Structures are given as C-alpha cells and as structure tokens.
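Chain by chain, the residues run as shown.
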Amino acid sequence: MAMNYIWAGFLLVAFAVAAFRLVVMGDVEVFPAIMNSTMDNAKTGFELSLQLTGVLALWMGVMRIGEEGGMVRALARWLSPLFRKLFPEIPDGHPVMGNIFMNLSANMLGLDNAATPLGLKAMEGMQELNPRKDTASNSMIMFLVMNTAGLTIVPVSILAYRAQLGAAQPTDVFLPILLTTLISLIVGVIITSMVQRINLINVPVMLTLAVLSVIVGLVGWGANALSREQMGVVSDNVANVILLGIIITFVAAGLRHKVNVYEAFIDGAKGGFKTAVGIIPYLIAILVAIGAFRASGAMDWVLGGIGWVIDVCGGNTDMTAALPTAMMKPLSGSGARGMMLECMNTYGPDSFAGRLSCIFQGSTDTTFYILAVYFGSVGIKNTRHALPCGLAADLASIVVAVIVANIFF
C-alpha cells in the first residue's frame, strides 16, 4: 500500500505544481515538459530493462554454477551464525544466505553491475520461503533495508570521477563515505529490528560490527596512501579483477564437483532473462512518476525550501548546492550521479559542495528503484514497512553525511 500512495503522490503533486505554474506564473512549457519526461522515462525504463537482461543472464548463470558447485551453500554455512540473528525466518544453512552475502559484498565493493542481479537472485530464494506470495516477508524487508543503507567499503566509481575532474586528493572522501554508510547501515538495521522485534545484542552481530570497523580502518589507511595516478590504476582494475575472480572461483568449484558448468550457466541465464522481462512494468511505473515530479519543478521547490530553512537556521548554506544529489539518489542513481558531476564541475571537486555531493552519492542508495525492481521481480504488492525503514536509513545517511563533511572539511 505504501508504494500505491507514494506513486500516486508523485503524480498528483506534479500536476498541482504544474497547474500553479501555468495559471499563476504563465509557464506554458511546464505541461509539455512533463509529458515529454513521461514518454522519455517510459522509454528509458524499457531500455534499462533490456540493458539489464544481459547482466542478469550472466550473473544468474554464474550463481547457478555456484549453487551446483557448492559455493553458495558453503557461504550460507559460514554466515549462518550472523544471518540467523538478522533473518530468523530463513532456515539455518539455507542457500539463500549465500546469495544475500554475495549481493551485500558486491554493494560494499561498489560493484553495481553485479549487485542488482545477485540481489534479485536472493529475492527469488526468499520468495520460495515466503508463505504469502504477494506480501513482503520480514527477511525481504531486512534485506532491502540493508541494500538501501548502501554500505560501501570501496567507492571505486566516485574516486575515479574525482580523479578525472582533477581533485587534489581524490581519496579524501573515502573515510567520510565509509563512516556515513556504516552508520546508515546500523540505523537501518536497528530500526527494522525494532519493528520486527529482533534482538541485536548478541555475539555474532557485535563481532561482525567489530570486524567491519577494522576492515574500514585498514582499507581507508591504504586508500589515503595512494597518489592520484595510483588511484586511477586501482579504479580501473579492482572491480574487474574481483568480478572475474568470482566467476573463475565458481567455475573452478563447479568443475571440482563434476558439474556441467556450461549447462548450469545456460539454465541460470534463462531465469535471468525471465526476471528482466518481469520487472519492466515496475521500473517504468516508478521512473515515469519520478520524471513527472522532477519536470514539474516540484523537486526544485523542495530543494529551495530546504536551502531557505538552512539559511534561516544559520547553517552552512554551501551544502545547499549538494542537496540535489541527496534528494535524487533515493529516486534515480543515474540522475544523482549526473547531479554529483554537475556540482563538482560547477563548484570544483575540492569545494565543500563538491565533496559533500560525493559523500551523498556514495552513502545513499536508490531506495525507490530497489523497492520497485526487487519486489517487482517476485510479484510483491504489499511492501509493509519496507519503504519507511528504507527511507529512515536514507535520512540517517544524509544527516550523518552533512555532519561528517563538516568535521572533515
């Protein structure tokens, strides 16, 4: 029901703002702009689904090899102590735990192309365990919130963009992004656990938090030691090495267990194609609503109002220039990336606004996109408390990003 009101709200607010601009302000271009945006975004939604088809087929095929070769089940056994606490509905050692881990790992490493198909595979596994096929289970919601929190250990693309735009130290946003995403993840998990009545005070959860903190510190120390040239080399290679390493490891495990890896890949890839086709209506629906909201000028009014409040309260108005990235990220990843680049081009990559926009881009995720695609792929209509919990994690990341940026810069 939440998505029902959100989707309708975007369209109704867009129409109201456009009508005001036409009647009161004499803006005769606003309604054509909305309709052009609607058509363009419908086309974009379809094209994105087609582009996703190949990636989905590839990673669904690889994951099928991993399943038949025992890699996914091995990951599930290893992660069972932690995930048993966070996902109590999932049976101990179930293979879907391995899929969840693969998705979260891809997100932490900034491997967006791999994260989405791996996430869809995890959702399919949880849907098989879900007794109410049209309603999101607690496990699905926890998984989605952990995705929207967007914990990122290696924000490869953002560091590469900063290097390309001539930042004096491209990695200076590294630790702020790590801190912000870690806090966002903690907030999202705590809020969701409170709603689902999950007790987080236990050894596996506390130990995981400690390990993550150590990893964050070590990776941050290593990244800050890199020069701009070294950062460019790392950015160009790390993601591809990791992705290819996953594929080779799964294939090797499959051969070791005498799996017909070619047939397993084909079987999994067929499922990826079906999934890509299934998400087309959901993706078009959310992109059309967001496009209308933005084209009507409602987004600009919201940002202007926030900037005015910050100014009245005596806050740092330099952050206003970075807010479009924060406001757009839950709605559109590509839109937020464009706003981040525009902010760095306009104000400079080493300006406060330029750095803050990078932190926003790296520390929040496309909540509405994830909600539409992940739940749409398995036919979930009742999302229950998924959206409020996801948006709470987004809000936490925005607030923390501003605080951290003011501390570091």
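Residues numbered from 1 in each chain as written. Predicted model: local features only at pLDDT ≥ 70, side-chain atom pairs only at ≥ 80, totals over all residues. Heavy atoms only, no water.

Caption draft 1: Structural detail: the packing of aromatic side chains. Enumeration according to the criterion identifies six aromatic pairs in this entry. Their ring planes at 70° and their centres at 5.7 Å tell us that Phe 10 and Phe 368 sit as a pair that is edge-to-face. Taken together, the positions of Phe 10 in helix H1 (residues 2-23) and Phe 368 in helix H17 (residues 367-377) put the pair 358 residues apart, joining distant regions of the chain. The pair formed by Phe 10 and Phe 368 is uniform in burial state, with each residue classed as buried. Consider the rings of Phe 20 and Trp 301, whose centres lie 5.7 Å apart with planes at 85°: the pair is edge-to-face. Placement of the pair is Phe 20 in helix H1 and Trp 301 in helix H13 (residues 298-312), with a sequence separation of 281 residues. Under the relative-accessibility criterion, Trp 301 is labelled partly exposed at 42%. Clustering of aromatic rings is evident, with ring pairs tying together Phe 10, Phe 293 and Phe 368. (Phe/Tyr/Trp six-rings, centres within 6.5 Å; stacked < 30°, edge-to-face > 60°. Helix = DSSP H or I, 4+ residues; strand = E, 2+ residues; numbered from the N terminus. Buried < 20%, exposed > 50% of the residue type's maximum accessible area, 1.4 Å probe, protein only.)

Caption draft 2: Molecular detail of the packing of helix H12 (residues 280-295) against H17. Here H12 crosses H17 at 160°, and the two axes come no closer than 8 Å. With respect to H17, the element H12 is oriented roughly antiparallel. The two elements H12 and H17 meet at a crossing, and its hand is right-handed. Within the contact between the two elements, H12 uses Tyr 282, Leu 283 and Ile 286 and H17 uses Phe 368, Tyr 369, Ala 372, Val 373 and Gly 376. Here the residues of the contact of H12 with H17 are counted per class, giving seven nonpolar, one polar and no charged. (Axes fitted to C-alpha atoms, helices over the stretch in contact; angles between N-to-C directions. Parallel < 35°, antiparallel > 145°, perpendicular 65-115°, else oblique. Left-handed = near helix turned anticlockwise from the far one by under 90°. Contact = heavy atoms within 4.5 Å. Nonpolar A, V, L, I, M, F, W, Y, C, P; charged D, E, K, R; others polar.)

Caption draft 3: Fine view of H17. Among the eleven residues in H17, ten count as buried, and that is most of the element. Every buried residue of H17 is listed here: Thr 367, Phe 368, Ile 370, Leu 371, Ala 372, Val 373, Tyr 374, Phe 375, Gly 376 and Ser 377. A positive phi of about 75° marks Gly 379, the residue just after H17.

Caption draft 4: Local environment of the pattern of salt bridges. Evaluation of the coordinates by the stated rule reveals four salt bridges. Residues Arg 21 and Asp 27 are paired through a salt bridge, measuring 2.6 Å at the closest nitrogen-oxygen approach. Comparing Arg 21 with Asp 27, the two get one shared label, buried. Taking the shortest distance from any N to any O, the salt bridge between Asp 350 and Arg 162 comes out at 3.3 Å. With Asp 350 in the loop between helix H15 (333-347) and helix H16 (352-363) and Arg 162 in helix H7 (residues 156-164), this pair connects stretches of sequence that are 188 residues apart. By relative accessible area, Arg 162 is classed as buried at 0%. What emerges from the salt-bridge pattern is a single network uniting Arg 162, Asp 350 and Arg 355. (Salt bridge = Lys/Arg side-chain N within 4 Å of Asp/Glu carboxyl O.)

Caption draft 5: Representation of unusual backbone geometry in the model. Of note in the backbone geometry, Arg 197 takes a positive phi value of approximately 60° without being a glycine. If you trace the backbone, Arg 197 turns up in the loop between helix H8 (174-196) and helix H9 (203-224). Under the relative-accessibility criterion, Arg 197 is labelled exposed at 78%. One non-glycine residue, Lys 258, adopts positive backbone phi at about 60°. You can call Lys 258 exposed: its relative accessible area is 75%.

Any functional reading would require information beyond the geometric quantities listed.
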